[in-house]
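Here are the chains, one letter per residue:
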Amino acid sequence: MRAKKVMSVFISMLLLAATTACGGAGNGGNAGGGASAQPAAATEAPAAEATAEATEAAEPSNATPEKDFDMGGRTIKIVSWWDMKIPEDNPDNIQRSKNLKELMAKHNFKVEYVALDFGEYQKKVVASLVAGEPLGDIVRMGKGYMIPVLTKQDMFWPVDEYTKNENAFNQRMTTEFSQYEGRGYGFSENAGNLISGVFYNRTLMKKLGMKPLQEYVNEDNWNWETFTQVAKEANKDTDNNGKLDVWGLASGGFLEMALASNETDLTIDDKQNLDDPKLLEVFKFIAKLGAEKVARPTEGGDWQEPAQFFRQGNTLMYAGADYEANGFKTDMKDYDIGFVPFPKGPNATEYHSVESNVQFLTIPKKAENPDQLLYIWEKLNDIESIYDYPKQASLESTYDNEDDINNAKLVEGGMLLTNHNTFSTMPYYEMIDELKKGTSASTVIQKYKAKVQASVDAVYKK
């Protein structure tokens, strides 16, 4: 039972006691005048509140009961590609830092944070695990190179029996995103997920006299069809020289987002999934955009070209992720930049963000007492947050428009994964290139189906 709930119940009980006492004095709960002069029915409100609060407080907690153990002065090493030392930059982190100091004193341990260069991270961490000498007790891993290759070699402790406290752990990280053969191997340090969707130039939209994109979302009519319609409408030759100088879409190569938006993927476990009718719809969608030349054509740039197009201020929409938002805000100060979900596919019931490089914390099998490590992590992060939802501080500092914030929250809760990065020989970009050229979906599927399965077999049958 956390402090706020205890206090709320306590206050409600005091109010109930006071109300009962007034009623016992024979004045019907109305002492005459001022705030006390309320209708008789109102005197029952505190009782109802107290009952609701008491019921909530009485419900079994998913928090681990307090434990008393001595770790013998052990140093817990926490490894990531950034320094995970808790910054005391907001009330939540100040509480976490306080919790950690108390836990270190109570259970007799120290913490060392190990930060490795991102460019060398995977190679160093994997090499240490294979050698049986992991670099830490809690190690950040990417799903793409951990599951199944390293997990099936029994290199990590399953953690799902220790991560049930929803206030301390992102449940989906364990029960969905880090699953292998029915067990969860990853856990999180926060509740938030990656946010992806469509950034759009609200200033340009108004200049073109177009229907606000937010209205499509409000009408629950933001789908592949209306998205394509909007992109085509924004393709303009404003100086009448026979060439487009305003575009609706920075690029049509957003296969990951399209897969998630129709709730499908290229693979499922150890099988290719190109026979899935939902995937066929995705390929048709991308191929149609290519065949009809809806997106702004490449100028021979690299993978950053679509974002550079968007920054020029003459392209309406760009499909991207939330870590790009502040860059747009800095580089496009003369423009009002909005955010809407990636449009729903025909088989989707909700909006989704997508993550193809999901990462999480793990405990190598060589680390002793994983139950104690996870208990420490739980108690460290089991706080009463001042925020109403994950990423609130970040979103409110990034977006000025309430609609944009609500859209980001909407997709964050529906994040799905694509797993193509698990397979090093996956012909992922070859398929995208074919579809962007307008090659028919069925042709691409027949051409690459066997190659996709071969890329999966290379990992699962190793």
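Coordinates for the structure precede this section.
The structure reproduced in this document is the subject of the present report. Everything quoted here is computed from the prediction, not taken from an experiment. (Residues numbered from 1 in each chain as written. Predicted model: local features only at pLDDT ≥ 70, side-chain atom pairs only at ≥ 80, totals over all residues. Heavy atoms only, no water.)

## What about the nonpolar core?
Logical step 1: Core analysis: the largest hydrophobic core is formed by 71 residues, its most contacted members being Trp 222, Phe 254, Phe 283 and Met 317.
Logical step 2: Val 79, Val 126, Met 146 and Leu 150 belong to the second largest nonpolar core, which has 25 residues in total. (Core = buried A, V, L, I, M, F, W, Y, C linked by side-chain atoms within 4.5 Å. Buried < 20%, exposed > 50% of the residue type's maximum accessible area, 1.4 Å probe, protein only.)

## Re the sheet that holds strand S6 (residues 196-201)
Logical step 1: Ordered in space as S7-S10-S6-S11, the four strands form an open sheet in which the pairing is mixed. What marks the edges here is a single partner per strand, and that holds for strand S7 (247-249) and strand S11 (337-340). Across this sheet, the average inter-strand angle for adjacent strands is 25°, counted without regard to direction.
Logical step 2: Sheet topology note: the S6/strand S10 (residues 315-321) ladder contains five bridges and is antiparallel. In the strand pairing of S10, Phe 199 is matched with Tyr 318. (Pairing = 2+ DSSP bridges. Helix = DSSP H or I, 4+ residues; strand = E, 2+ residues; numbered from the N terminus. Axes fitted to C-alpha atoms, helices over the stretch in contact; angles between N-to-C directions.)

## Brief notes about the pattern of salt bridges
Logical step 1: A full pass over the atoms with the stated rule returns 21 salt bridges.
Logical step 2: Among the salt bridges present, the one from Lys 365 reaches Asp 154, with a minimum N-O distance of 2.7 Å. Of this pair, Lys 365 sits in the loop between strand S13 (359-362) and helix H14 (370-381) while Asp 154 sits in the loop between helix H5 (143-146) and helix H6 (171-177), placing them 211 residues apart in sequence. (Salt bridge = Lys/Arg side-chain N within 4 Å of Asp/Glu carboxyl O.)

## Things to note about the packing of helix H9 (residues 224-234) against helix H11 (residues 277-291)
Logical step 1: It is at 12 Å that the axes of H9 and H11 come closest, and there the two elements cross at 10°. Comparing their axes, H11 and H9 come out roughly parallel. Judged by residue contacts, Trp 224, Phe 227 and Thr 228 of H9 engage Glu 281, Val 282, Phe 285 and Leu 289 from H11.
Logical step 2: Looking at the contact of H9 with H11 residue by residue, the class counts come to five nonpolar, one polar and one charged. (Parallel < 35°, antiparallel > 145°, perpendicular 65-115°, else oblique. Contact = heavy atoms within 4.5 Å. Nonpolar A, V, L, I, M, F, W, Y, C, P; charged D, E, K, R; others polar.)

## A closer look at H9
Logical step 1: The set of residues buried in H9 consists of Trp 224, Thr 226, Phe 227, Thr 228, Val 230, Ala 231 and Ala 234.
Logical step 2: Check the buried side of H9 and you find it contacts S6, helix H8 (213-218), S7, helix H10 (255-261), H11 and S10.
Logical step 3: Looking at where H9 begins, the residue whose side-chain oxygen comes 3.1 Å from the main-chain nitrogen of Glu 225 is Asn 223. (Polar contact = N/O pair within 3.5 Å; in protein donor to acceptor, adjacent residues only side chain to side chain.)

## Quick word on the pairing of S11
Logical step 1: Burial along S11 is two-sided: the face carrying Ile 337 and Phe 339 and the face carrying Gly 338 and Val 340 are both buried.
Logical step 2: Pairing of S6 with S11, which is carried by four bridges, proceeds in the antiparallel orientation. Its bridge partner lying in S11, Phe 199 is registered against Phe 339.

## Looking at unusual backbone geometry
Logical step 1: Look at the link from Ile 147 to Pro 148: it is a cis peptide, with omega at 10°.
Logical step 2: Mapped onto the fold, Pro 148 is located in the loop between H5 and H6.
Logical step 3: Of note, the phi angle at Asn 108 is positive, near 60°, even though the residue is not glycine.
Logical step 4: Counting through the fold element by element, Asn 108 comes out in the loop between helix H3 (91-107) and strand S2 (109-115).
Logical step 5: The residue Asp 269 is not glycine, and still its phi comes out positive at about 55°.

## Considerations on empty space enclosed by the protein
Logical step 1: The tally for this structure, following the rule as stated, stands at one cavity of 30 Å³ or more.
Logical step 2: Reported here for the largest cavity is a volume of approximately 60 Å³.
Logical step 3: Along its surface, the largest cavity is lined by Lys 143, Gly 144, Glu 355, Ser 356, Asn 357, Val 358, Leu 417, Thr 418, Asn 419, Asn 421 and Thr 422. (1 Å grid on protein atoms, 1.4 Å probe; cavity = no way out; pocket = protein on both sides within 12 Å on 5 of 7 lines; lining within 4 Å. Points joined across faces, edges and corners; volume = space filled by probe spheres on them.)

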